[in-house]
Amino acid sequence: MIAISAFILFASSSLRHALFQSTAFDLGIFDQAIYLISQGKVPISSFLKFHILGDHAAFILYPLALPYKIYPSVYWLFAVQSAALSLGALPTWYLAIQAGLKESQAIAVATAYLLYPVLYNANLFDFHPDSIAVPALLTMIFAARERKMWKFCISVILVLACKEVFSLTILAMGVCLLLCEKRRLYGVIAIISGVVWFVITTKLIIPFFGAEMASVERHLGRYNYLGSSFNEAFQTLFSNPVMILKHIFTSDNFFYLFLLLIPVFWGFSYKSIIYLVGAIPCLVMNILSNDQSQKDLIHQYSLPVLPFLILAVIASLTVGKGLLQNKRGIIIWSLITFLCLAKFTHFTGKYLESIDNLPATREAISLVKNQGSVYTTAQITPHLSNRDLIKFTNADFPNQDLNIFDYILLNVRHPGWASNQEFATSLVNQLNNKPRFKLTYQQDDIYLFTKN
């Protein structure tokens, strides 16, 4: 099951990329940073304009650069992501067996994990280190129950290395270990690790590598109503409860929670709800956010909730609770919700939007033969991000200095995210009047300009 799932996830993300549906945000960001690390260069992102550690303090990107030393390719990231998400079924199965479930029930729970819609959808949405944290969180619980301290500590380190905000999830996991598992030492270790790492990353690492304004813009922009700094945000949370409640009790949030829970609602009982304590930090951040992408099943933001939903389901089945308890019923319901909520249907519609000039796009990309700087569309960017300098066309920032680029590749027919046909056409006209650039390829509204 794990092998089949990994293959399907890898094939899906690779096909999406081949159809030029991946983007600079976020695949281009991570691909360029990891490539620069593999080359021994400082990973300054062309898109963020600061060191990649200033984004989320994701130290996991450094070991991910090892395969890039063999051959730099974005497909390494697709392989790691699909394998990590699929491997989460293994600790899920062990946790179910450990809890005393029948083997058929354990297989059903593992299947429910693999068919959870966010798993497939988040895998499609470029690459994010969040995917690596999912199996590590499940392994944490299993290691704590088995009293395997070294496995537990490695899992904690792995989760913390994926994203600074996961320190709050580790903290909540520690509370869960204290309340639900009676594993005091493990709970204390998790709580202390979460608190210490959150302080270190938010007060030292992110401000140092990304500068204070960069960290605020990247991490607080979605919560700007709370304040302009982390301190102001925390003060608002406790000093203005009325405003907070207005942001919580909205139709968007209720619908988000409904979509999040419906695939596994069959496995809930009042005794298992306590296991959702670990999901509170992630849920609170998503619910309080102004960004709609944090309130859907398409993006990666809900991935940290999945391990705790699985723990709650296992706890219910262990005591004979839940609407569905047999293998057949659980798998059928999981399959139904997957077919309704997973975005595989995009391959028959949305992902085919730019297929009409896809051959010309590929041919133009093949003409970019060296590591020179590139200015291109957001969709083409992750196909050329293995270089020091690359930027994507953005109509909101039209005054880009074109002279710093060696190649400018434009798709006027499909100008990509953050751009439009009018802006792309104006760039073509502007470049035609620049003697420093030569039009070296033109086909099906694809234009490649090369600096003389």
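Residues numbered from 1 in each chain as written. Predicted model: local features only at pLDDT ≥ 70, side-chain atom pairs only at ≥ 80, totals over all residues. Heavy atoms only, no water.

Considering the side chain of Lys-295
Rule in force here: A run of DSSP states H or I qualifies as a helix once it reaches four residues; a run of E qualifies as a strand once it reaches two. Both are numbered from the N-terminal end. Three exposure classes are used, based on accessible area relative to the maximum for each residue type with a 1.4 Å probe and protein chains only: buried under 20%, partly exposed in between, and exposed over 50%. Here the positive residues are Lys and Arg and the negative ones are Asp and Glu; neither His nor the chain ends is included. Salt bridge, as applied in this entry: a Lys or Arg side-chain nitrogen positioned within 4 Å of an Asp or Glu carboxyl oxygen. Here a polar contact is taken to be a pair of N or O atoms separated by no more than 3.5 Å, where protein atoms must pair a possible hydrogen donor with a possible acceptor and residues adjacent in sequence count only if both atoms sit in side chains. Any two residues whose heavy atoms approach within 4.5 Å are treated as being in contact.
Tracing the backbone through its elements, the reader meets Lys-295 in the loop between α18 (280-288) and α19 (306-318). It turns out Lys-295 is buried and unbridged, and the closest side chain with the opposite charge, Asp-252, is 6.9 Å from it. A polar atom in the side chain of Lys-295 sits 2.8 Å from the side chain of Asn-253. Of note is the side chain of Lys-295, whose polar atom sits 2.6 Å from the backbone oxygen of Ile-287. Here Lys-295 is in contact with Asp-252, Asn-253, Tyr-256, Asn-286, Ile-287, Leu-288 and Ser-289, once residues within four sequence places are set aside.

Looking at the sheet that holds strand β5 (residues 446-451)
Defined as follows: Two strands are counted as paired when DSSP detects at least two bridges linking them. For helices, the fitted axis covers only the stretch in contact; all axes are lines through C-alpha atoms, and the angles between them, taken along N-to-C directions, range from 0 to 180 degrees.
Here we have five strands laid out as an open sheet, ordered β2-β1-β3-β5-β4, and mixed in their pairing. If you trace the sheet from one side to the other, it starts and ends with β2 (390-392) and β4 (437-443), each paired once. Across the sheet, the mean angle separating the axes of adjacent strands is 15° when strand polarity is ignored. Note: strand β3 (residues 407-411) against β5, five bridges, orientation antiparallel. Residue pairing in the sheet places Asn-411 in a bridge with Ile-446 of β5.

A few points about the nonpolar core
If you look at soluble globular proteins, the nonpolar side chains tend to sit buried side by side. The criterion, for reference: To qualify as a nonpolar core, a set must consist of buried Ala, Val, Leu, Ile, Met, Phe, Trp, Tyr and Cys residues joined through side-chain atoms within 4.5 Å.
One finds Leu-61, Tyr-113 and Phe-152 to be the most contacted residues of the largest nonpolar core, which totals 123 residues. Ranked by residue count, the leading element in this core is helix α10 (residues 130-146), at eleven residues. When near neighbours in sequence (up to four residues on either side) are disregarded, Phe-152 contacts Met-140, Ala-143, Ala-144, Leu-177, Tyr-186, Ile-189 and Ala-190. Ranked by size, the runner-up nonpolar core spans 14 residues in total, among them Tyr-375, Leu-402, Phe-423 and Phe-437.

What about helix α22 (residues 421-432)?
Formally: Take the number of residues in a helix, subtract one, and multiply by 1.5 Å to get its expected span. This arc describes the spread of directions from the helix axis toward the C-beta atoms.
For α22, which comprises twelve residues, the first-to-last C-alpha distance of 16 Å matches the rise-based estimate of 16 Å (1.5 Å per residue) to within 8%. The set of residues buried in α22 consists of Phe-423, Ala-424, Leu-427, Val-428 and Leu-431. On an axial view of α22, the arc spanned by its buried residues comes to 140°, and they lie on one face. Capping of α22 at its N-terminal end is provided by Asn-420; its side-chain oxygen lies 3.2 Å from the backbone amide nitrogen of Glu-422.

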